[in-house]
Amino acid sequence: EDATNLRNHVITQLEMADVNPDPESRHRQLTFVVAGGGFAGTETIAEISDLVTSVLRYYPNIERSDLQFVLVHSRDRILPELGPDLANYARDKLEARGIEFVLEARVSGATEDGVQLADGREIPSHTIVWTAGNQPNPLLQRLESEKSRSGAVAVESSLNVKGFSNVWAVGDYAQIPVPDAEGEFYPPTAQHAIREGKLAARNIAATIRGKPTKPFRFQTLGTLVPLGHHTGAAEIRGLKFSGLLAWLMWRGIYLTLLPGLEKKVRVLFDWTIDLFFPRDTVLTSGGRQTPLPAIPPRPVVAPSGGANSDESPEEDAS
């Protein structure tokens, strides 16, 4: 639903900017800001840029130079989950497409007209996508247990919450220690959460039967991020890949993880169609819809025949 709403919003901004005579308002409509330079933020700004540039031919009044794509990140480089080499490769690729990076800066607020940074700067925009971290459900605050800075509960290596024998936590809700690595914790990613859930189920069953539990141990298989334009970056078991090969690896792994043969065939067929046909600008139905801003009315010019003319001003203006 969020993806559909974001797509509709971006296309709506292009539709309105194409007929907007006000330069200041038009600039805001054509500026797209993403907060957070991790996997989600980097992929999002790359996909927004791809979407906008691929449909630009439908909007004759918008030039490529009118567009602005901005990624705001609090660290000194994007993609901290990857090594410096791949992170720099990703930044170079995105900068070549006109994406701007505002690094070592934090978003302090946002309004309808722009994004405020902690250092006092403001980026005029009608579009901001927040990907700069998340927090567990506030319901966890009711649990009287040790918690991390983000609010996740501290658990033992067996995934039971510290201080409790009948409470278990996995995924984003849990701060899970890495065995034999003091002060290190597993990242809250899907590949970890899936395996945590399975181990938690086995340990709960073992506890009920009075048998010993097992600690959670898992080595990250790898990390991949698509960068648009059929390029990507990947690090698999210490091996680094970039460009088209990394993008194909990402697509292949994504496809294999989809549930059911029917889903795999549908997605593969859809991907194949995308290779041969351009994107459209049809607004698809979804949940929340972006309200259309008002367009300043054009002045009505009286017909040359004067007040006694058979044409009305409304007819002439139309």
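Along each chain, the written sequence defines residue order, and numbers are assigned to residues from 1. Only residues with pLDDT of 70 or above have their local features reported here, since the model is predicted, and side-chain atom pairs are shown and tallied only from 80 upward, although totals for entire chains, interfaces and linings are computed over all residues. To get the side-chain values, take all heavy atoms of the structure and skip hydrogens and water.

Novice: Before we move on, can you summarise the confidence of the model for the protein with the specific residues and values?
Specialist: Here pLDDT means the predictor's own confidence in every residue, given as a number from 0 to 100. Of all residues in the protein, 89% have pLDDT values of 70 or greater, and the mean over the chain is 87. Every residue pair with non-hydrogen atoms within 4.5 Å of one another is taken to be in contact. Confidence drops under a pLDDT of 50 for residues 300-318, and excluding neighbours within four residues, the segment shows eleven contacts in the predicted structure.

Novice: Account for the environment of Ala234, with residues named and values stated.
Specialist: Here a strand is any run of E in DSSP of at least two residues, a helix any run of H or I of at least four, and the numbering for each starts at the N terminus. Relative to the elements of secondary structure, Ala234 occurs in strand β11 (residues 231-236). Separated by 16 residues in the primary sequence, Ala234 and Trp250 have C-alpha atoms spaced 7.9 Å apart. In contact with Ala234, not counting residues within four places along its chain, are Leu86, Thr223, Leu224, Leu239, Lys240, Phe241 and Ala246.

Novice: How would you sum up the environment of Lys264? Please name residues and give values.
Specialist: With respect to the element layout, Lys264 can be found in helix α7 (residues 261-276). In the structure, Lys264 is positioned ten residues away from Tyr254 in sequence and 9.5 Å away in space, judged by C-alpha atoms. Residues in contact with Lys264, not counting those within four places in the same chain, are Leu255, Thr256, Leu258 and Pro259.

Novice: Any details on the sheet that holds strand β1 (residues 31-35)? Residues and values, ideally.
Specialist: Should DSSP find at least two bridges between two strands, the strands are taken to pair. Judged by pairing direction, the sheet is parallel, and its four strands sit side by side in the order β3-β2-β1-β7 without closing on themselves. Of all strands in the sheet, those bounded by a partner on one side alone are β3 (99-102) and β7 (127-130). Shown here is a sheet whose adjacent strand axes are inclined to one another by a mean of 20 degrees, direction ignored. In this sheet, β7 lies alongside β1 in parallel orientation, the contact comprising four bridges. By the bridge assignment, Phe32 is partnered in β7 with Thr127. The strands touched by helix α3 (residues 39-54) within the sheet are β1, β2 (68-72), β3 and β7, with β2 carrying the most contacts at an inclination of about 175 degrees. A fitted line through C-alpha atoms serves as each axis, taken over the contacting stretch for helices, and the angle formed by two N-to-C directions is quoted from 0 to 180°.

Novice: Which residues make up a positive patch on the surface, and what are the values?
Specialist: Residues enter patches when they are more than 30% accessible in relative terms and free of salt bridges; like-charged ones are connected within 9 Å and nonpolar ones (Val, Leu, Ile, Met, Phe, Trp, Tyr) within 5 Å. Here the open area of atoms and residues is found with the Shrake-Rupley method and a 1.4 Å probe, where only the protein chains shown may cover a residue. Each reported salt bridge corresponds to a side-chain nitrogen of Lys or Arg within 4 Å of a carboxyl oxygen of Asp or Glu. When charges are tallied, Lys and Arg are placed among the positive residues and Asp and Glu among the negative ones, while His and the ends of the chain are skipped. Each charge is placed at NZ for Lys, CZ for Arg, CG for Asp and CD for Glu. Taken together, Arg195, Lys198, Arg202 and Lys214 make up a surface patch of like positive charges. By secondary structure assignment, the location of Arg202 is in helix α5 (residues 190-209). Residue Arg202 is classed as exposed on the basis of its relative accessible area, which comes to 55%. Relative accessible area decides the class of each residue, using a 1.4 Å probe on protein chains only: under 20% of the type maximum gives buried, over 50% gives exposed, and in between gives partly exposed.

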